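# Chains, contacts and geometry: an overview
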Amino acid sequence: MTLRAVVKGVGHYLPERVVPNSEFEDSLDTNDAWIRSRSGIQRRHFAAKDETTSTMASAAARAALTDASLAPADIDAIIVATSTADLTFPSVATMVQADLGMETGFAFDVQAVCAGFIYALSNANAMILSGQAKRVLVIGAETFSRIMDWSDRSTCVLFGDGAGALILEAQPGKGTPQDRGILSTDLNSDGRHKDLLYVDGGVSTGTTGYLRMQGNQVFRHAVEKLASTAQKAMERAGVSPQDVDWIVPHQANIRIIQGTAKKLGLSMDNVVVTVQDHGNTSAASIPLALSVGRERGQIKEGDLLVTEAIGGGLAWGAVVLRW
Ligand code: UT7
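Small disclaimer: the values here were computed from a predicted structure and weren't measured. (Residues numbered from 1 in each chain as written. Predicted model: local features only at pLDDT ≥ 70, side-chain atom pairs only at ≥ 80, totals over all residues. Heavy atoms only, no water.)

As a further point, take the domain arrangement of the protein chain. Looking at the assigned domains, one finds that the protein chain contains domain 1 (2-173) and domain 2 (181-322). Here the C-alpha centre of domain 2 lies 14 Å away from the C-alpha centre of domain 1. With 51 residues of domain 1 at the interface, the matching set in domain 2 holds 51 residues. Where domain 1 touches domain 2, the interface holds two salt bridges. (Domains from an automatic or database assignment. Contact = heavy atoms within 4.5 Å. Salt bridge = Lys/Arg side-chain N within 4 Å of Asp/Glu carboxyl O.)

Listed below in structure tokens is the structure:
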């Protein structure tokens, strides 16, 4: 018998305020046509003043619990992927734990920027396979609007806020690619590229700081690294691109998404795309896309999914799972 970490439920939360590209035209030398054509983004959601990464994470968690017909007490562990924690510490995950009224189990954050949800899924999978937890709530939640330099047109038009959550449960499998659940993971990082995408604040400066990105340099790495990590994860899972029903990529740029699909030999008909509506929500983008893809009726039980992401570090990776 092989243990598998199987999806029990999914949910998301998006703040009410929707900001179209045109809203940036008054304050910046930019326009809707540039943003759409260079990134595919048309609008994004921004958190209200009283919303934080933890409040959005809790809302997404509640939606996933409802979808799974589970109560907070049924969960053994919470992992939150985020780079925009409410406070330096404690973790967002413990804030969510308190908010859900959970008095047992354990909770912690994972920080791998835009690849954070892939890293969190991989951690959750390892904990389930090693018997440390039976049910893990995995959340990606971000408030990137709080780390934007609003005078920098090359970054502030790209990012958005939101949260998505997935519940994984230990279930027996046969050890074949036909099993439901996580079939393989692949994680990578290369700190030599740490200056391509970073926030210029933290405990060393005593400020929160603003996001700084050499977008075209990150772009140069993205397609090649995303295709290669997806390929490695598929090989590990014993599946090939023809078997894949859906790529659920990190939603940073439609051109990266298209380039990666092409490199994998897959049609855009097999890709869940939300970048036009959410912008880049960093670690929240994949769980948001999973939840929206499920809501749209794209992702169905038994479908084979490849999720992949790259971001600051650089850190990148992929997860193959059967829904
Ligand atoms: O999620 C984490 C990982 N991050 C990513 O994956 C992001 C990867 N990078 C990208 O998505 C793209 O590189 C961007 C969307 C950020 C930029 O697209 P690009 O095609 O790489 O453009 P560029 O940075 O090479 O800039 C082209 C031009 C520049 O002008 P010059 O130097 O050619 O005169 C920029 O100054 O576009 C200019 N530009 C803008 N123009 C209008 C930059 N931002 C804007 C803007 N509006 N908002």
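Anyway, onward from the coordinates.
Strand order in this open sheet of four strands is β8-β13-β12-β11, and the pairing throughout is mixed. This sheet does not close on itself; its edge strands, each paired only once, are β8 (181-189) and β11 (246-249). Shown here is a sheet whose adjacent strand axes are inclined to one another by a mean of 15 degrees, direction ignored. Two elements, strand β12 (residues 304-311) and strand β13 (residues 315-322), share eight bridges in a ladder whose sense is antiparallel. Bridged to Ala309 within β13 is Gly317. Its contacts with the sheet place helix α4 (residues 116-129) against β8, β12 and β13, and it is angled at close to 125 degrees to β8. Along the sheet, helix α6 (residues 215-237) contacts β8, β12 and β13; its crossing angle with β8, the most-contacted strand, is approximately 140 degrees. (Pairing = 2+ DSSP bridges. Helix = DSSP H or I, 4+ residues; strand = E, 2+ residues; numbered from the N terminus. Axes fitted to C-alpha atoms, helices over the stretch in contact; angles between N-to-C directions.)

The next point concerns the environment of Glu295. Mapped onto the fold, Glu295 is located in helix α9 (residues 285-295). Through-space distance from the C-alpha of Glu295 to that of Val10 is 9.7 Å; in sequence the pair is 285 residues apart.

Right, let's get into the pattern of salt bridges. Considering all chains together, one arrives at 14 salt bridges under this definition. The salt bridge involving Arg153 is made with Asp29; its shortest N-O contact spans 3.6 Å. Note that Arg153 is positioned in helix α5 (residues 153-156) and Asp29 in the loop between β2 (17-20) and α1 (32-39), a separation of 124 residues in sequence. Arg153 gets classed as partly exposed once you look at its relative accessible area, which sits at 47%. (Buried < 20%, exposed > 50% of the residue type's maximum accessible area, 1.4 Å probe, protein only.)

Time to look at the layout of surface pockets. There is about 900 Å³ of room inside the largest pocket. Together, 29 residues line the largest pocket, and Ser83, Thr84, Ala85, Val199 and Thr208 are the ones closest to its centre. Here the lining of the largest pocket takes three residues from strand β9 (residues 197-199), the largest share from any one element. Its residues assigned to classes, the lining of the largest pocket shows eleven nonpolar, 15 polar and three charged. Looking at which domains feed residues into the lining of the largest pocket, each of domain 1 (2-173) and domain 2 (181-322) supplies at least three. Space inside the second largest pocket adds up to approximately 520 Å³. Along its surface, the second largest pocket is lined by 24 residues, and Leu158, Met213, Gly215, Phe219 and Asn253 are the ones closest to its centre. (1 Å grid on protein atoms, 1.4 Å probe; cavity = no way out; pocket = protein on both sides within 12 Å on 5 of 7 lines; lining within 4 Å. Points joined across faces, edges and corners; volume = space filled by probe spheres on them. Nonpolar A, V, L, I, M, F, W, Y, C, P; charged D, E, K, R; others polar.)

Time to look at the site of the ligand. Of all residues adjacent to the ligand, which total 23 residues, the nearest are Thr30, Arg38, His250, Asn253 and Asn280. Within the side chain of Asn253, one N or O atom sits 2.6 Å away from an oxygen atom of the ligand. Against a free-state accessible area of 960 Å², the protein chains account for coverage of 73% of the ligand. In a pocket analysis with a 2 Å cut-off to the grid points, the ligand is assigned to the second largest pocket. Put simply, the parts of the chain that give the shell around the ligand at least two residues each are α1, α5, α6, α7 (254-263) and β12. (Near = heavy atom within 4 Å. Polar contact = N/O pair within 3.5 Å; in protein donor to acceptor, adjacent residues only side chain to side chain. Areas by Shrake-Rupley, 256 points an atom, 1.4 Å probe, with all protein chains shown as cover. Sits in = over half its atoms within 2 Å of the grid points.)

Per the counting criterion, the structure on display carries one cavity of 30 Å³ or more. Quantified by volume, the largest cavity comes out at close to 30 Å³. If you go around the largest cavity, the residues you meet are Leu226, Pro249, His250, Ile256, Ile257, Thr260 and Glu308.

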